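For reference, the chains in residue letters:
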Amino acid sequence: MSQRELAAPGVSYAYISRIEAGTRQPSVKALRRLAAKLGVSADYLETGSDLDPASARELRLADLELAVRLGEWDGVEEKLQEALSDALAVGDHALALRARVALASIALERGQYGEAVTLLEGAVEDEPFSPVERFEIYANLGRAFAASGQPERAVVLFDRCIEGVTGTDGDASLEARYATLLSYALTDMGEIGRAEDVVRNALDRVGDTADPYMRVRLYWSIARLAHTKGRESSALENVRKAIALLQATDDTFHLARAHILAAEITLARKDVAAAENHLKHAERLLASGATNQDQFEIKLHRSRISLLNGDPGAGAGYAQEALELGRASQPADEGLATSALADALKLAGEVVAADESYKQAVTLLESAGRWHAASSTCREWGRMLREQGREQQAMDVLDRAAELGTRAAPEGVRAGH
């Protein structure tokens, strides 16, 4: 179109020429008339975008949310902070909530659990409690509580979520997902009996649900709880049920993680061949998609396999690799890896280094509230000290193991029931 063709009443071709030359700023009235002639919106002429400001903000945030989910974090955190500031500036609370949730996802992956708690609590602070619509937020908030050494807060949150979901028309599948998370938090607190009851009740309510992943999660939870209580046959039976369901649904990532759990359980039974077989399946299924947590658990289990095979050098190597991954996640993982390293050093006869590693491992595990693992580590430490003839130190460490074991016991056991 020529300038004459574009001209309209009140917008002469000479006026259009000055706009194009940059010597005149068009009025709102001129923009509207030009937009009508060009078949676009006045906003598009002014900004170059056919989206209104609210839609443009949402599009920008959606793009950043997708980048977070795909793990493409370069420069994303700063842009999310900008999106949060923009949303707060215009009073768009829904977008502010989403920006905080995305930032919390990054914080969780980086092991910045306190930051994740702050962001997620800020996200839901002025929102009505809605465990049905906000599952991901409450699930991540509970995980952040537990990982930051506050499992009791996770228990309170998940109890409240289950109460909010339960009812005659309640979603049994969603209730079971919260129950699974609650069982993890209860396990961290040492309340194994209650955790087991929670999962079994949820499994009964789910029944023959059409959602196979829900049953997988529940079988998986029962397996973890049985493993924690030393009931390895029951643990293996339930993890096999989970694997069978996953094979039927062909979810490779969850199937791989079920194999990793199966490796942990078979290692507790000192079945090295079965553990090795499960790890090979897991590595094949994960290929290049393994997360840091997946890699950590695989390295930790390979360290244990090496020790059972009488190879402390390989055991220490895998434990060191697990330790590097554990330091990037949470104190509990760092403690588990340090404990494995101590066992390898003990087997290699490096008593001084093993002594220091055991001490560090117990401190880390205790600070993370992992009483059962801390107690087991103390027992191995005490055995080593006793073998070295350091009887008094061994007694002190074994007394500490007993005290930690008491913390790990369910409330009923502690009370003598």
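In case you missed it, the structure is sitting above this.
Counting from 1, residues in each chain are numbered in the order their sequence is written. This being a predicted model, a pLDDT of at least 70 is required before a residue's local features are given, and a value of 80 or more before pairs of side-chain atoms are given or counted; all residues contribute to the totals for chains, interfaces and linings. Computation of side-chain values: all heavy atoms of the structure, hydrogens and water removed.

> It is not clear to me how the overall build of the chain should be interpreted in this structure. Could you clarify?
Helix numbering and strand numbering both begin at the N terminus, where a helix is a DSSP run of H or I of at least 4 residues and a strand a DSSP run of E of at least 2. A tally of helices and strands in the chain yields 23 helices and 0 strands. Relative to the globule expectation of 22 Å for 417 residues, the C-alpha radius of gyration of the chain, 28 Å, shows a markedly less compact shape. Sequence-distant contacts in the chain: of pairs separated by 6 or more residues, those separated by 24 or more amount to 52%. Residue-level accessible areas treat just the shown protein chains as cover; the underlying method is Shrake-Rupley with a 1.4 Å probe. Surface accessibility of the chain: about 20,900 Å² in total, with carbon and sulfur atoms responsible for 49%. This count recognises Lys and Arg as positive and Asp and Glu as negative, with His and chain-terminal groups excluded. Charged groups are reduced to one reference atom each: NZ for lysine, CZ for arginine, CG for aspartic acid, CD for glutamic acid. Of the side-chain charges in the chain, 48 are positive and 64 negative, and the distance between the mean point of each set is 2 Å. For this measure, only C-alpha atoms enter the radius of gyration; the expected value for a globule follows 2.2 Å times N^0.38, where N is the number of residues. Residue contacts are counted whenever heavy atoms from the two residues lie within 4.5 Å of one another.

> Where do I start with the pattern of salt bridges in this structure?
Opposite charge on two side chains allows them to pair when their charged atoms are near. By salt bridge we mean one thing: a side-chain nitrogen of Lys or Arg within 4 Å of a carboxyl oxygen of Asp or Glu. In this structure the tally under the stated criterion is 18 salt bridges. Between Glu 276 and Arg 302 there is a salt bridge, with the nearest N and O atoms lying 2.8 Å from each other. Of this pair, Glu 276 sits in helix H16 (residues 272-286) while Arg 302 sits in helix H17 (residues 292-308), placing them 26 residues apart in sequence. By sharing partners, the salt bridges in this structure join Glu 58, Glu 65 and Arg 98 into a single network.

> Help me understand unusual backbone geometry, please; the structure alone is not making it clear to me.
Backbone geometry follows two general trends: most residues other than glycine have a negative phi, and most peptide bonds adopt the trans configuration. Phi is positive for Lys 270, close to 60°, though the residue is something other than glycine. Along the chain, the position of Lys 270 falls in the loop between helix H15 (252-268) and H16.

> In this structure, what is going on with the environment of His 93? I would like to understand it.
Mapped onto the fold, His 93 is located in helix H7 (residues 93-109). Spatially, the C-alpha atoms of His 93 and His 259 are 42 Å apart, while their sequence positions differ by 166 residues.

> What should I look at first to understand the packing of helix H19 (residues 331-347) against helix H21 (residues 371-387) in this one?
Geometry of a packed helix pair, given as the angle between the helix axes and the separation of the axes. For helices, the fitted line uses only the C-alpha atoms of the stretch in contact; every axis is such a line through C-alpha atoms, and the angle between N-to-C directions lies from 0 to 180 degrees. Relative to each other, H19 and H21 sit at 20°, their axes nearing to 11 Å. By the angle between their directions, the pair H19 and H21 is classed as roughly parallel. Of the two possible hands of crossing, H19 and H21 adopt the one that is left-handed. In this structure, H19 uses Leu 336, Ser 339, Asp 343 and Lys 346 to contact H21, whose residues at the interface are Ala 373, Thr 377, Glu 380, Arg 383, Met 384 and Glu 387. In what follows, roughly perpendicular refers to angles from 65 to 115 degrees, roughly parallel to angles under 35, roughly antiparallel to angles over 145, and oblique to any angle outside these ranges. Definitions for this section: a left-handed crossing has its near helix turned counterclockwise from the far helix by less than a right angle. A right-handed crossing has that turn clockwise.

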